[in-house]
Amino acid sequence: MSVKRPVYLDYAAATPSDQRVIEEMISCMSIDGAFANPHAKDHVYGWEAAEAVETARDRVAALIGASPLEIYFTSGATEANNLAIFGLAEALEAQGSQKKRLVTSPIEHKAVLEACEKLSHQGYEITYIKPDHEGIVTAEMLKDVMDDDVFLVTLAQANSVLGSVNDVHKLAKVARSYGAFFHTDTAQSAGYVKTDFDSSDVSMATLTSEKICGPKGVGALYVQRAQKVPLEAQILGGGQEKGLRGGTVPTHQVAGMGKAFEIMRHQGDEDAKRMNALRDKFIKGLSAVEGCVINGSSEHHVPGILSVSFKGIDGSKLMPTLSGVACSTGSACSSADLKPSYILTGIGLDDALARASLRLSWGRFTKEQEIDEAVSAIAKAVKALRA
Ligand SMILES: *Cc1c(COP(=O)(O)O)cnc(C)c1O
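Since the structure is predicted, the reported quantities are computational estimates derived from the model, not experimental observations.

Colleague: What exactly am I supposed to notice about the side chain of asparagine 81 here?
Modeller: With respect to the helices and strands, the residue asparagine 81 is situated in helix H3 (residues 77-94). The contact partners of asparagine 81, leaving out residues within four places of it in the chain, are Ala111, Val112, His183, Asp185 and Thr206.

Colleague: What exactly am I supposed to notice about the site of the ligand here?
Modeller: Neighbouring residues of the ligand: Gly76, Ala77, Thr78, His109, Ser160, Asp185, Ala187, Gln188, Thr208, Glu210 and Lys211. Contact between the ligand and glutamine 188: an oxygen atom at 2.8 Å from a side-chain N or O atom of the residue. Contacts to the ligand include glutamate 210, whose side-chain N or O atom sits 2.4 Å from an oxygen atom. The class makeup of the residues in the shell around the ligand is two nonpolar, six polar and three charged.

Colleague: I tried to follow the pattern of salt bridges on my own but got confused; where do I start?
Modeller: Two side chains with opposite charge may pair up if their charged atoms get near one another. Within this structure, the stated rule accounts for 17 salt bridges. A salt bridge links arginine 245 to glutamate 79; the shortest N-O distance between them is 2.7 Å. Taken as a pair, arginine 245 in the loop between strand E8 (219-223) and helix H7 (251-287) and glutamate 79 in helix H3 lie far apart in primary sequence, 166 residues in all. Both residues of the pair, arginine 245 and glutamate 79, belong to the buried class. Here arginine 101 ties to aspartate 149 by a salt bridge, and the two come within 3.0 Å at their closest N and O atoms. With arginine 101 in strand E3 (residues 101-104) and aspartate 149 in the loop between helix H5 (139-145) and strand E5 (150-154), this residue pair connects regions lying 48 residues apart in the sequence.

The rules behind each value
Residues numbered from 1 in each chain as written. Predicted model: local features only at pLDDT ≥ 70, side-chain atom pairs only at ≥ 80, totals over all residues. Heavy atoms only, no water. Helix = DSSP H or I, 4+ residues; strand = E, 2+ residues; numbered from the N terminus. Contact = heavy atoms within 4.5 Å. Near = heavy atom within 4 Å. Polar contact = N/O pair within 3.5 Å; in protein donor to acceptor, adjacent residues only side chain to side chain. Nonpolar A, V, L, I, M, F, W, Y, C, P; charged D, E, K, R; others polar. Salt bridge = Lys/Arg side-chain N within 4 Å of Asp/Glu carboxyl O. Buried < 20%, exposed > 50% of the residue type's maximum accessible area, 1.4 Å probe, protein only.

Spelled out as structure tokens, the structure:
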């Protein structure tokens, strides 16, 4: 018989797909569905698949206040970040631009940081803005480092470990006033936090499906048309996505993403309200645990992420002691090694405290009772480690 699985509190790493998303995907897979190559122009099968892709594009655009013409499908947020950063750098280089400085922060997702790191070996200068202790970069901090040699500012809308939210509308305005483009990774925030990108100064935004109850392996880059952002394709072949991203568009994946975005447009506010109530419950429960510190912002945050640290315990024993809760100790990509999360040390936590941390994240299918269970499991583990 199956054993009881732990409470799933790792939505910031991946979410279960919504049943409506799964059905939409299945409708694009079998012989009687929209399975064909969406670029096949010569038959009805291809037209049906193309229609499914365009419906998905409309739905993605609608959630973020954009036009479908501004949505380029990719294999996920990682690829979208790569396309935004390398694509812009290469296109500007080809135009003979003299701007060689990029501004970001040290607590961005690795998909952004590693791309910046690579550019730093190719003659570009990277400026890292130190965020405040809540993980937020303000317009004033950005102004302090800006000048007209900056070609790109890239700052996430919500931090993937802390859940802290940057005001990307204000940040984009500052970047544009210095003639730089502004990119933001919204993998953790789209649908929960204001986007309205067409009426903003945001030049490019990274989107993904897997964090909002859609499938993995699909994402998109929003590119504002009005700004005429120059971009060089990073994957060549076939000329799909208006030449910006070669390769057959995976109809079922993008249809799943489209459905996930449509559901968020209709019920994102309701989800957020419920998830924020769970967050309050979590904070209340955990505050009673000795030595518990809440990281991030109590005011500007996404509804489903909570980073907590516990003073005076051995962090390397925390996860092994904590049965009953499936969560992450930092960012999923780096949890395998025992180095403290660079995001937590990046907001000033010392190594020991950063190691003794948990990222708890929940979503649409999390029940109130599961939060209660998690709180008691965490309290028990921390108590055991203190004994
Ligand atoms: C999850 C995540 C990514 C990576 O997304 P993929 O779609 O798996 O490539 C990138 N950025 C942020 C902020 C994330 O949370």
